[in-house]
Amino acid sequence: MTKNFAHRGFCTRYPENTLLSFQKAQETKCDGIEMDVHLARDGEVVIIHDETVDRTTNGKGFIKDMDYAEIRKLDAGSGEHIPTLDEYFDLVERTPLVTNIEMKNSMFWYRGMEEKVIGMIHKRKLEDRIIFSSFNHFSMLKCKKLAPEIRAGFLSYSWFIDVGAYTKKHGMESIHPDYCSLTDETIAEIHNQGIKIYTYTVNKRKDMERLAGLGVDCLITNDPALLDDVLGRT
Ligand code: G3P
Ligand code: CA
């Protein structure tokens, strides 16, 4: 059965990657939440998509150049702030939700971010409910080495050949491709390798129907309520 993961929370209706967006996703029938993490200057793990706060808040600047105390004061929309990963875990810890933590470390490979995030997961014993992903495949290899028990997958945004074989060879459990690159043949090649497919960002009903019909394991969507409907969960 295809799973429903809320991308940056319920971000068609609420400000992306905020506690409000995550809370509202929880109120749907989604199976999980996808979000993005960066490291602030003082080492706090924060949830935001971009390297800077410019697009999603009333502030300006790179996350890596700001302490969390400064970041916390910014308005991320609807009076929400940029949350820490710890605050997020407080919210979802006692729910059955799975979390796809995307390490946003392609532009800046934040020193020690993998260790820090894995330490927080171990402390809360959430190993079974986390899936790591990143466009930085070296970072995923590092996560697998540090915590082989936590699922991890490669993100991709282009059309790759033998992507299932590549993903398996490097010890990942899943591949997270842009849905536009998923042909019937690609899906079959990935599944033949025993690799799961978590595809993003699927927001239109007809695309949801097609990909669910082809047995894609998980659709990551900005509209988890629409996907609930497509999957017949309402
Ligand atoms: O994890 C899937 C997707 O979120 C990757 O792209 O840019 O939305 O983080 P982006
Ligand atoms: Ca993401």
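First things first, this report covers the structure right here in the doc. This one's a predicted model, so the numbers in the text were calculated from it and none came from an experiment.

Criteria and thresholds
- Residues numbered from 1 in each chain as written.
- Chains lettered and ligands numbered in written order.
- Predicted model: local features only at pLDDT ≥ 70, side-chain atom pairs only at ≥ 80, totals over all residues.
- Heavy atoms only, no water.
- Helix = DSSP H or I, 4+ residues; strand = E, 2+ residues; numbered from the N terminus.
- Buried < 20%, exposed > 50% of the residue type's maximum accessible area, 1.4 Å probe, protein only.
- Contact = heavy atoms within 4.5 Å.
- Areas by Shrake-Rupley, 256 points an atom, 1.4 Å probe, with all protein chains shown as cover.
- Lys, Arg positive; Asp, Glu negative; His and termini not counted.
- Charge placed at Lys NZ, Arg CZ, Asp CG, Glu CD.
- Near = heavy atom within 4 Å.
- Polar contact = N/O pair within 3.5 Å; in protein donor to acceptor, adjacent residues only side chain to side chain.
- Nonpolar A, V, L, I, M, F, W, Y, C, P; charged D, E, K, R; others polar.
- Axes fitted to C-alpha atoms, helices over the stretch in contact; angles between N-to-C directions.
- Parallel < 35°, antiparallel > 145°, perpendicular 65-115°, else oblique.
- Left-handed = near helix turned anticlockwise from the far one by under 90°.
- Salt bridge = Lys/Arg side-chain N within 4 Å of Asp/Glu carboxyl O.

The next point concerns the overall build of the protein. Looking only at helices and strands, one finds nine helices and nine strands in the protein. Seen through its C-alpha atoms, the protein measures out along the principal axes to roughly 50 × 40 × 30 Å. Expressed as a percentage of its 234 residues, the buried residues of the protein come to 58%. Within the protein, contacts between residues at least 6 apart in sequence are counted, and of these 56% link residues at least 24 apart. Put simply, the protein shows about 10500 Å² of open surface, and 52% of that area lies on carbon and sulfur atoms. In the protein, 31 side chains carry a positive charge and 37 a negative one; their mean positions are 2 Å apart.

On to the site of ligand 1. If you check the shell around ligand 1, you find His7, Arg8, Glu34, Asp36, His49, Glu102, Lys104, Phe135, Leu155 and Tyr200 and nothing else. Separating an oxygen atom of ligand 1 from a side-chain N or O atom of Glu102 is a distance of 2.9 Å. Alone, ligand 1 offers 290 Å² of accessible surface; in the complex the protein occludes 90% of this. Taken together, the residues of the shell around ligand 1 sort by class into three nonpolar, two polar and five charged.

Once that is clear, we can look at unusual backbone geometry. Among all residues except glycine, the phi angle is most often negative; among peptide bonds, the trans geometry is most common. We note that Asn17 has phi near 55°; this positive angle belongs to a residue other than glycine. Following the sequence through the fold, Asn17 ends up in the loop between β1 (3-7) and α1 (19-26). The buried category is assigned to Asn17, whose relative accessible area is 3%. Positive phi outside glycine occurs at Asp162, with the angle close to 55°.

A few words on the packing of helix α3 (residues 85-92) against helix α4 (residues 113-124). If you want to describe how two helices pack, look at the angle between their axes and the distance between the axes. α4 packs onto α3 with a crossing angle of 30° between their chain directions and a minimal axis gap of 11 Å. Judged by the angle between their axes, α3 and α4 are roughly parallel. In this structure, α3 crosses over α4, and the sense of that crossing is right-handed. Of the residues in α4, those touching α3 at Leu85, Asp86, Phe89 and Asp90 are Val117, Met120, Ile121 and Arg124. Residue classes in the contact of α3 with α4 are distributed as five nonpolar, no polar and three charged.

Applying the stated criterion across every chain, the model contains 22 salt bridges. A salt bridge links Glu173 to Lys144, with the nearest nitrogen and oxygen atoms 3.0 Å apart. Residue Glu173 is found in the loop between α6 (163-169) and β7 (174-177), and its partner Lys144 is found in helix α5 (residues 137-146); the two are separated by 29 residues along the sequence. In this structure Glu173 comes out as partly exposed when scored by relative accessible area, which is 29%. With a relative accessible area of 12%, Lys144 lands in the buried category. Bridged by salt links that share partners, the residues Asp86, Asp90, Glu93, Arg94 and Arg124 form one connected network.

Any functional reading would require information beyond the geometric quantities listed.
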